[in-house]
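# Coordinate analysis (summary)
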Amino acid sequence: MDYWLGLDCGGTFIKAGLYDRQGAELGIARRNLEIISPQPGWAERDMPALWHTAAEVIRELLARNKIAVGDIQAVGISAQGKGAFLLDQQGQPLGNAMLSSDQRALALVQEWQKQGVPQTLYPQTRQTLWTGHPVSLLRWVRQHQPERYRQIGSVLMAHDYLRYCLTGELACEETNISESNLYQMAEGRYDPALAQLLGIGDIMPTLPPIVGSAEIAGRINAAAAKATGLLAGTPVVGGLFDVVSTALCAGLHDETRLNAVMGTWSVTSGITDKIIDGFDHPFVYGRHAEAGKYIVHEASPTSAANLEWFCRQWGLQDYAQLNDWVATLPKADSSLLFVPFLYGSNAGLGLSASFHGMQAFHQREHLVQAIYEGVVFCHMTHLNRMRQRFPATTALRVTGGPAKSAPWMQMFADVSDLPVELPQVEETGCLGAAMAAMVGSGVFSDFTAAQRALAPRIERVLPDAAAAEAYGKKYQCYQALVATLQSIQKEAL
């Protein structure tokens, strides 16, 4: 038997999955990942601890499934994008990694916005400019930690670092590095002029060569084989930005479907073969794994991580109970609103989370319902914009942990007034990474063929027309609350 291993590094978990030639999942192993916050707004990860946890997850997966490691044909990695994983000039971790949800560069980005820098960059990079971008973090390090900046030997993102740990080879994978603001989208290459504009022109020599998603970027080395149990010499492909990985597993291939990802981040993605101008909103484009295509997406750290935070505070662990609470309450009946900005905002830099309208009679179930609603309302900000770019959309495919929640998915269908389609894939990040490994090892000629062959079963949730009016009114209240918070924030600056 032949197998392919997919490693997925997310905001809160790292997972490894094992798949056969038909894409059938043999097993999944997962471990929690700690986010370190040494100062308000900072979001960091211990890089040696990340590698150690990744190796443990792979070793656990192999031990549990008891297969011959020589049967693993290739390894792929999917991971969160943006952030900065820095190595020194000896190839060792240079402090903690800074994650995409890190906000230490807030004042810097606000100053860039005043200077019109994002507008200058956008035609070249097709990116917005915010705190978790590699360039924002690098400029912050240059300003505030100059000695650390001088020691930088390589600039990586999460899956680049893990691939380096597995192979000892340095490379930046294209679906991820194409969204770094250091990449000229039209020409498909790094552009020193971009780095110069951002005040980090001297960073260019530290950028490793760009590799494709399915390109063999190295092979398991002896140290990684010892740590993971994998066979030395096993190919490791470039891998995928996790947004691309999820879109592949969700079956996106044309402009009739959008993919909403609910996790640490609220993401709405679409696939296209052309860049279109003429919109008021700057849509973010990145290179898709399939040649000649782009992924377009809207994103903010405003999704289900807000519920995870709430559950930690209350000591809640039974998600079935949460679903029961929400399912038994009348739809959109409570006046309680929740703005899911615990980790960032999609309505302006510096906005924070809040409950509004809380009264003494409200119970935990009302707060949970408000979080479910607030997360969906926040997703709607991205979905409404994306539907301008993708007017042919006829359904929304939803992935991520909340896709297992029937009341949450019904709520998403009711609020969006779109059929919600749920791909039956346990771990889209792991399967997408394994798909890249399959293409790289020649099982499929390209990602289109792989996507067609591994297409999952789809379950559909249809909108409840009777609930649309009530949700519409409450969504308007949510939008008014966000506008008020924006006004308060503006006055405070």
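Residues numbered from 1 in each chain as written. Predicted model: local features only at pLDDT ≥ 70, side-chain atom pairs only at ≥ 80, totals over all residues. Heavy atoms only, no water.

Threshold: UniProt positions are given in the numbering used here, feature names are shortened, and annotations may be inferred rather than shown by experiment.
Going by what an unreviewed UniProt entry lists, the protein chain is known as FGGY-family carbohydrate kinase and is assigned to Serratia quinivorans. Under the UniProt heading Sequence similarities (unreviewed entry), the entry covering the protein chain gives this text: "Belongs to the FGGY kinase family."

## A closer look at the overall build of the protein chain
The line we're drawing: Strands here are runs of E lasting at least two residues and helices are runs of H or I lasting at least four, both read from the DSSP assignment and numbered beginning at the N terminus. When we talk radius of gyration, it's over C-alpha atoms, and the globule rule is simply 2.2 Å times the number of residues to the 0.38. Between two residues, a contact is recorded if the distance between any of their heavy atoms is within 4.5 Å. Residue-level accessible areas treat just the shown protein chains as cover; the underlying method is Shrake-Rupley with a 1.4 Å probe. Positive charges are assigned to Lys and Arg, negative charges to Asp and Glu, while His and the chain termini are left out of the count. The atom standing in for a charge is NZ when the residue is Lys, CZ when it is Arg, CG when it is Asp and CD when it is Glu.
When helices and strands are tallied, the protein chain shows 17 helices and 24 strands. For 493 residues, the compact-globule estimate of 2.2 N^0.38 gives 23 Å, and the C-alpha radius of gyration of the protein chain, at 22 Å, lies within 12% of that figure. Contacts in the protein chain between residues far apart in sequence, at least 24 positions, make up 73% of those at least 6 positions apart. Entry remark: accessible area of the protein chain is about 19000 Å², with carbon and sulfur atoms responsible for 51%. Put simply, the protein chain has 38 plus and 47 minus side-chain charges, and the middle of one group is 1 Å from the middle of the other.

## A closer look at the nonpolar core
Using the following cut-off: Note on terminology: a nonpolar core comprises buried Ala, Val, Leu, Ile, Met, Phe, Trp, Tyr and Cys residues joined through side-chain atoms within 4.5 Å. Whether a residue is buried, partly exposed or exposed follows from its accessible area with a 1.4 Å probe, protein chains only, as a fraction of its type maximum: under 20%, in between, or over 50%, in that order.
By size, the foremost hydrophobic cluster in this structure holds 130 residues, and its most contacted members are Y161, L162, V398 and W408. Per element, the largest residue contribution to this core is 12 residues, and it comes from helix α13 (residues 364–389). Among residues more than four places away in sequence, those in contact with Y161 are M47, P48, L50, W51, F85, L87, P93 and L156. In this structure, I28, L248, V425 and V439 belong to the second largest nonpolar core, which totals 34 residues.

## Regarding the UniProt feature "domain: Carbohydrate kinase FGGY N-terminal" (unreviewed entry) in the protein chain
The feature "domain: Carbohydrate kinase FGGY N-terminal" (unreviewed entry), as annotated in UniProt, sits at residues 3–249 in this numbering. As a span, residues 3–249 carries 36% helix and 24% strand, and end to end its C-alpha atoms are 18 Å apart.

## Examining the sheet that holds strand β17 (residues 266–272)
Put simply, the rule reads: Strands qualify as paired when DSSP identifies two bridges or more between them. In this analysis, axes come from line fits to C-alpha atoms, helices being fitted only over the stretch in contact, and the angle between any two N-to-C directions falls in the range 0 to 180 degrees.
Overall, mixed pairing links the seven strands, which are arranged β18-β19-β17-β16-β22-β23-β24 in an open sheet. Each end of this open sheet is capped by a strand with a single partner; those strands are β18 (284–287) and β24 (458–461). Taken pair by pair, the neighbouring strands of this sheet meet at an average axis angle of 30°, ignoring direction. Bridge count between strand β22 (residues 395–399) and strand β23 (residues 420–423): two bridges; the pairing is parallel. What sits directly across from L396, in β23, is V420. The strands touched by α13 are β16 (257–262), β17, β18, β19 (294–300) and β22; relative to β17, the strand with the most contacts, the crossing angle is about 20°.

## A few points about the pairing of β19
Where burial is concerned, most of β19 is hidden: six out of the seven residues are buried. In terms of strand pairing, β17 meets β19 through seven bridges, oriented antiparallel. Paired with G270 across the two strands is V296, which belongs to β19. In this sheet, β19 lies alongside β18 in antiparallel orientation, the contact comprising four bridges. If you follow G286 over to β19, its bridge partner there is I295. The hairpin turn running from β18 into β19, its antiparallel successor, is six residues long, and G292 in that turn takes a positive phi close to 85°.

## Description of the UniProt feature "domain: Carbohydrate kinase FGGY C-terminal" (unreviewed entry) in the protein chain
The UniProt entry lists residues 258–439 under the feature "domain: Carbohydrate kinase FGGY C-terminal" (unreviewed entry), expressed in the numbering used here. With 38% helix and 21% strand, the stretch residues 258–439 has end C-alpha atoms that lie 24 Å from each other.

## Structural notes on the pattern of salt bridges
Stated precisely, the cut-off is as follows: We count a salt bridge whenever a side-chain nitrogen from Lys or Arg sits within 4 Å of a carboxyl oxygen from Asp or Glu.
With the rule as written, the count across this model stands at 27 salt bridges. Ionic pairing is found between R389 and E255, a salt bridge with its closest N-O pair at 3.6 Å. Linking R389 in helix α13 with E255 in the loop between α10 (242–249) and β16, this pair joins segments that are 134 residues apart in sequence. Take R389: its relative accessible area is 2%, and that puts it in the buried class. On the basis of relative accessible area, E255 is assigned to the partly exposed category, the value being 21%. Between K331 and D464 there is a salt bridge whose closest N-O contact spans 3.1 Å. Here D464 lies in the loop between β24 and α17 (465–492) and K331 lies in the loop between α12 (319–328) and β20 (337–339), a separation of 133 residues in the sequence. For K331, a relative accessible area of 34% translates into the label partly exposed. Residues joined by salt bridges that share partners form a network here, namely D8, K15, R30 and E427.

## Quick word on the side chain of D88
Condition: Each polar contact in these results corresponds to two N or O atoms within 3.5 Å; when the atoms are within protein, one needs to be able to donate a hydrogen and the other to accept it, and residues that are neighboring in sequence are counted only if both atoms are side-chain atoms.
Among the structural elements, D88 can be located in strand β6 (residues 85–88). Although buried, D88 forms no salt bridge, and the nearest oppositely charged side chain, R148, lies 9.9 Å from it. In this structure the side chain of D88 is engaged in a polar contact, spanning 2.9 Å, whose partner is the backbone nitrogen of Q90. What D88 contacts, discounting residues up to four positions off in sequence, is L94, Q151 and G153.

## Notes on helix α2 (residues 106–115)
Rules: Think of the arc as the fan of directions from the helix axis to the C-beta atoms.
For α2, the set of buried residues is L108, V109 and W112. One face of α2 carries all of its buried residues, which in axial projection span an arc of 95°. Seen from the buried face of α2, the exposed residues on the opposite side, beyond 90 degrees, are A107 and K114. Along its buried surface, α2 packs onto α3 (117–125) and α4 (134–144). Phi turns positive one or two residues past the end of α2, at G116, with a value near 80°.

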